[in-house]
Amino acid sequence: MNKISNYLILLPFIFFLAACEKYLDVELQNQLTLEEVFSKRHTTESYLAHVYSFLPQENLIFGNDGDLPGRSDEALYSWLSGVPWLNMNAGAQTPATGNYQTWEHNYQAIKQATVFINNVDMCLEINEQQRAVMKAEARFLRAYYYFLLVRKYGPVFIWGDQDSDITIRNEEIDRHPLDVNIDFIASEYDRAAAVLPETITEAAWQGRVTKGTALAAKSELLLYMARPLFNGAAIYRGLKNHQGEFLFPQTTDPNKWQQAADAAKAVIDLNRYALYRNTSEADPFRRAIKSYMGVYFEFWNEEIIWGRWDADPFQFVSRTLPPQVVRTGFGGYAPSLKLVDTYPMAASGRFPITGYNNGNPVIDPASGYSENGFVEDFVHPLDNWAPIKAHRSTVGRDARFYASVLANGFWYINTYHGQKLVTFQVGGTSPYTQSGDCVKSGYLWRRMSDPSNDTEQGQWGQFSWPYYRLAEIYLNYAEACNEKPARDETEAFRYLNLIRERSGLNKLEEAYPEVIGNQQLLRELIRKERMVELAFEGHRYYDIRTWMIAEQEFNGPYYTRNLLANRFEDAWSRTSQVFPGNMVFQPRHYLFPIHQSQLAEMPNITQNYGW
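Values in this document were obtained by computation on a predicted structure and should not be read as measured data.

A. Local environment of the pairing of strand E2 (residues 353-357). Across four bridges, the pairing between E2 and strand E3 (residues 360-363) is antiparallel. From the neighbouring strand, Ile353 faces E3, where its bridge partner is Ile363. Here E2 folds back onto E3 in antiparallel fashion, the turn holding two residues, of which Asn358 has a positive phi close to 55°.

B. Looking closely at the pattern of salt bridges. Summed over all chains, the structure comprises 51 salt bridges. Across the salt bridge formed by Arg502 and Glu303, the nearest N and O atoms sit 2.4 Å from each other. Of the two residues, Arg502 sits in helix H14 (residues 489-502) while Glu303 sits in the loop between helix H9 (284-297) and strand E1 (304-310), which places them 199 residues apart along the sequence. Residue classification places Arg502 among the buried positions, given a relative accessible area of 3%. Owing to a relative accessible area of 0%, Glu303 belongs among the buried residues under this scheme. The network of salt bridges with common partners includes Glu303, Asp398, Arg400, Arg447, Arg469, Arg500, Arg502, Glu529, Glu533 and Glu537.

C. Quick peek at the packing of aromatic side chains. Throughout the structure, instances matching the rule amount to 49 aromatic pairs. With 5.8 Å between their ring centres and 65° between their planes, Phe38 and Phe116 make a pair best called edge-to-face. Pair noted here: Phe38 is in the loop between helix H1 (34-37) and helix H2 (41-52) and Phe116 is in helix H4 (residues 103-119), with a separation of 78 residues, a long-range link. What makes Phe38 buried here is its relative accessible area of 0%. Residue class for Phe116 comes out buried when judged on its relative accessible area of 0%. Note on Tyr296 and Phe463: the rings are 5.7 Å apart at their centroids and 85° apart in plane angle, and the pair reads as edge-to-face. Here the residue Tyr296 occupies a position in helix H9, and Phe463 occupies one in strand E8 (residues 463-469), the gap between them amounting to 167 residues. Assigned by exposure class, Tyr296 and Phe463 land together as buried. In textbook terms, an aromatic cluster arises when at least three aromatic residues are bridged by ring pairs, as seen for Tyr77, Trp79, Trp85, Tyr296, Phe316, Tyr333, Trp445, Phe463, Trp465 and Phe536.

D. Quick look at unusual backbone geometry. Even without glycine at this site, Gln324 takes up a positive phi of about 75°. Within the fold, Gln324 resides in the loop between helix H10 (314-318) and helix H11 (337-342). Taking relative accessible area as the criterion, Gln324 reaches 63% and is therefore assigned exposed. Unusually for a residue other than glycine, Phe536 sits at a positive phi of about 65°. The residue Phe536 is located in the loop between helix H16 (519-533) and helix H17 (540-547) in this model.

E. Seen up close, the environment of Arg397. As for its position among the elements, Arg397 is in the loop between strand E5 (388-391) and helix H12 (399-404). Sequence separation between Arg397 and Arg350 is 47 residues; the distance between their C-alpha atoms is 9.9 Å. Setting aside chain neighbours within four positions, we find Arg397 in contact with Phe285, Val340, Asp341, Thr342, Tyr343, Pro344, Met345, Ala346, Pro352, Tyr369 and Tyr402. Of the polar contacts made by the side chain of Arg397, one reaches the backbone oxygen of Tyr343; its length is 2.8 Å. Within the structure, the side chain of Arg397 is placed 2.7 Å from the backbone oxygen of Ser393, a separation counted as a polar contact.

F. Summary view of the layout of surface pockets. Put simply, the largest pocket is a space of about 1000 Å³. Lining the largest pocket are 40 residues, and of these Asp73, Lys338, Gly355, Tyr356 and Glu553 sit closest to its centre. Among the elements that line the lining of the largest pocket, the one with the most residues is H16, at six residues. Per-class residue counts for the lining of the largest pocket are 18 nonpolar, eleven polar and eleven charged. Quantified by volume, the second largest pocket comes out at close to 430 Å³. Secondary structure elements with two or more residues in the lining of the second largest pocket: H2 and helix H5 (128-153). Looking at which element gives the most residues to the lining of the second largest pocket, the answer is H5, with five residues.

G. Region of interest: the side chain of Asp174. By the element assignment, Asp174 lies in the loop between H5 and helix H6 (178-193). Buried charge without a salt bridge: Asp174, with Arg175 as the nearest opposite-charge side chain at an N-O distance of 5.6 Å. Of the polar contacts made by the side chain of Asp174, one reaches the side chain of Thr606; its length is 2.9 Å. Among residues more than four places away in sequence, those in contact with Asp174 are Phe157, Asn241, His242, Gln243, Asn604, Ile605 and Thr606.

H. Focus on the packing of helix H13 (residues 470-483) against H14. At a closest axis distance of 8 Å, the pairing of H13 and H14 adopts a crossing angle of 150°. Overall, the two elements H13 and H14 adopt an arrangement that is roughly antiparallel. Judged by the twist between their axes, the crossing of H13 over H14 is left-handed. Across the interface between the two elements, Ala471, Tyr474, Leu475, Tyr477, Ala478 and Cys481 from H13 touch Glu491, Ala492, Tyr495, Leu496, Leu498, Ile499 and Arg502 from H14. Of the residues contributing to the contact of H13 with H14, the split by class is eleven nonpolar, no polar and two charged.

Calculation rules
- Residues numbered from 1 in each chain as written.
- Predicted model: local features only at pLDDT ≥ 70, side-chain atom pairs only at ≥ 80, totals over all residues.
- Heavy atoms only, no water.
- Pairing = 2+ DSSP bridges.
- Helix = DSSP H or I, 4+ residues; strand = E, 2+ residues; numbered from the N terminus.
- Salt bridge = Lys/Arg side-chain N within 4 Å of Asp/Glu carboxyl O.
- Buried < 20%, exposed > 50% of the residue type's maximum accessible area, 1.4 Å probe, protein only.
- Phe/Tyr/Trp six-rings, centres within 6.5 Å; stacked < 30°, edge-to-face > 60°.
- Contact = heavy atoms within 4.5 Å.
- Polar contact = N/O pair within 3.5 Å; in protein donor to acceptor, adjacent residues only side chain to side chain.
- 1 Å grid on protein atoms, 1.4 Å probe; cavity = no way out; pocket = protein on both sides within 12 Å on 5 of 7 lines; lining within 4 Å.
- Points joined across faces, edges and corners; volume = space filled by probe spheres on them.
- Nonpolar A, V, L, I, M, F, W, Y, C, P; charged D, E, K, R; others polar.
- Lys, Arg positive; Asp, Glu negative; His and termini not counted.
- Axes fitted to C-alpha atoms, helices over the stretch in contact; angles between N-to-C directions.
- Parallel < 35°, antiparallel > 145°, perpendicular 65-115°, else oblique.
- Left-handed = near helix turned anticlockwise from the far one by under 90°.

Functional significance is not addressed by these values, which are geometric in nature.
Dropping the structure here:
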């Protein structure tokens with residue numbers, strides 16, 4: 001729940017849903033009329049909180065439109081039954097599949113925002129300036145809910161400021177062209193940004209949107225629109241709505257990259273945000289690790305542009321803890337082997353793996369990475385309780401690796417109940433089993449598990465989950481600078497290197513002298529940097545789609561470490577035998593199908609390609 005909801009009592013609204021208008025109607029039957037709702041400050045603020053309550057909880061495994069990491073190639077959840085992401089990853093989705101369908105949810109949110117925008121000025125207990133800010137919040141949220149629809153389904157029907165109209169004929173509803181969608185969303189972001197405050201000064205109201213929020217959302221929107229999926233993709237050319245309008249751009253417009261660059265730079269130029277940096281650690285590498293960790297554990301820190309307060313992350317954290325090693329550890333929330341492979345080497349600054357050959361990594365010899373052998377008496381740079389025997393692949397990695405990955409053979413993240421070695425192979429301390437809670441990739445995800453919390457005493461912690469943070473904006477800007485017609489490699493390097501420097505890495509052009517003047521190589525390196533920096537934050541799923549490389553990245557067997565082995569030393573080979581099945585991605589999967597229930601209500605709405 002967004003933090004503001006912890007401080008406001010939501011009205012008990014009853015939704016009466018019927019036909020096409022079921023996403024658009026609100027009746028306050030036997031309760032307060034709209035005039036009564038908006039006559040009082042308390043109920044007006046409660047209605048705004050209600051508009052916020054539709055925000056997605058993408059970090060939750062079973063949240064509204066959650067599981068984004070598990071539906072991509074950055075994660076490998078261990079469970080094999082009762083989990084809808086496997087159905088998606090297997091390519092088994094159809095227009096009748098209900099999982100992750102958010103069309104109705106977001107149109108309900110859009111309607112609630114419109115009701116608020118059109119009625120808030122009735123509340124004279126709130127002064128005109130405050131009403132203007134609250135209206136701008138609702139205006140932003142409505143545009144954001146439209147964006148969530150567009151990134152999943154492509155162009156949708158735009159209502160604007162119009163209230164639901166019971167006289168509309170369902171058979172006349174169809175989608176507006178993508179350009180109409182984007183012009184509306186971007187202009188609404190601009191209108192909100194012109195009114196919203198730059199900062200939230202009261203701690204109780206953290207999580208409300210600001211000027212920076214609106215500008216960051218515009219940066220994400222225009223970046224997506226510049227990428228191939230929404231910028232002239234061949235598979236969507238020729239698709240028209242029933243008014244004869246092309247739904248998608250028919251040609252590629254390279255100038256959209258300049259627009260994306262300008263939008264990202266507008267956030268940077270606010271000078272309101274900074275990459276979070278730890279100041280308590282004297283050792284530079286430990287400081288780099290804790291700087292990355294602190295993005296989550298230092299509440300509402302200067303890097304977060306917009307976030308959501310998570311005061312009870314039990315569902316999430318409990319699934320990141322090793323079963324049998326700690327009480328209430330379900331395990332299974334794990335990084336994929338591909339994500340683990342991507343973390344750079346600390347000394348060289350180079351990404352170790354350049355590709356795969358039947359699951360076997362193609363290693364960059366200049367990176368300093370080794371896939372073979374062990375290092376005796378390795379001391380973990382953060383959890384330095386005692387030396388361990390470490391596989392060479394886990395030694396000498398980027399600070400973000402040690403902040404994020406609990407590898408086979410590492411110590412557990414704290415010593416409240418003694419030093420606990422974590423091993424995942426058959427017979428290990430947190431052993432592999434064919435069924436039940438266990439780890440299947442060879443690694444657990446530890447980034448959102450604060451070591452200062454004693455989970456065995458029910459201390460699950462809290463954190464502020466970022467919808468947008470400054471590092472993402474830097475990455476947006478670097479990508480756009482590399483792609484725009486007046487390519488600006490210097491600016492791309494500058495902002496990539498700010499992120500790398502925080503993690504203790506050398507400059508990108510020092511690690512890769514060959515990248516200078518090489519747009520294609522820089523594109524690949526930006527994508528790797530983005531995969532690492534934004535891991536498990538819900539970006540990879542849509543990045544791969546909007547880049548239109550999912551057919552290469554989201555197909556094939558699930559490779560893991562060989563946890564079927566009985567010895568720790570034998571558990572480091574790679575295998576496709578631990579996790580069954582294959583990822584399957586076809587061109588039609590780039591966008592969700594419009595669900596059968598919507599097709600039944602709006603029989604002439606245009607379905608997406610391939611469905």
